[in-house]
Amino acid sequence: MDLEERFFKVYNRLPLGLRDDIVLVIKDEPITWKIARLEIENKTPLSKQILEKLAALEII
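Quantities reported herein were computed from a predicted structural model and do not represent experimental measurements. (Residues numbered from 1 in each chain as written. Predicted model: local features only at pLDDT ≥ 70, side-chain atom pairs only at ≥ 80, totals over all residues. Heavy atoms only, no water.)

For the rest of this paragraph, the subject is the overall build of the protein chain. The helix and strand inventory of the protein chain stands at three helices and two strands. In sequence order, the secondary structure elements of the protein chain are arranged as α-β-β-α-α. Considering only C-alpha atoms, the protein chain reaches an extent of 25 × 25 × 20 Å along its principal axes. Burial analysis of the protein chain (60 residues in total) assigns 30% to the buried set. For the protein chain, the share of sequence-separated contacts (at least 6 apart) that also reach a separation of at least 24 residues comes to 46%. Counting 10 positive and 11 negative side-chain charges, the protein chain places the averaged centre of each group 4 Å from the other. (Helix = DSSP H or I, 4+ residues; strand = E, 2+ residues; numbered from the N terminus. Buried < 20%, exposed > 50% of the residue type's maximum accessible area, 1.4 Å probe, protein only. Contact = heavy atoms within 4.5 Å. Lys, Arg positive; Asp, Glu negative; His and termini not counted. Charge placed at Lys NZ, Arg CZ, Asp CG, Glu CD.)

Our focus in this paragraph is the pairing of strand S2 (residues 29-32). The pairing of strand S1 (residues 22-26) with S2 spans four bridges and is classified as antiparallel. Bridge pairing in S2 links Val25 to Pro30. Turn length for the S1-S2 hairpin, with the two strands adjacent in sequence and antiparallel, is two residues, and the turn residue Lys27 shows positive phi of about 55°. (Pairing = 2+ DSSP bridges.)

Moving on, we come to the environment of Leu3. Along the polypeptide, Leu3 turns up in helix H1 (residues 3-13). Judged by relative accessible area, which is 27%, Leu3 ranks as partly exposed. Leu3 has contacts with Leu51, Glu52, Ala55 and Ile60, leaving out every residue within four places of it along the chain.

Examined against the element boundaries, Ser47 turns out to sit in helix H3 (residues 45-56). Of the residues examined, Ser47 reaches a relative accessible area of 8% and is grouped as buried. Excluding anything up to four places from it in sequence, Ser47 contacts Glu39 and Ile40.

Dropping the structure here:
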């Protein structure tokens, strides 16, 4: 399973209220679950950083 699949598996299990919570901080900017989803769905350059950090922190 690749990192993107792992992210969506975790994201889909999150209660709706938690999706607005901050999950990471990258370059002093808070990243919520919803922002992470948008970045990953759109395959932006930031999405790779998000996925790598979430994996390193064993969140996904």
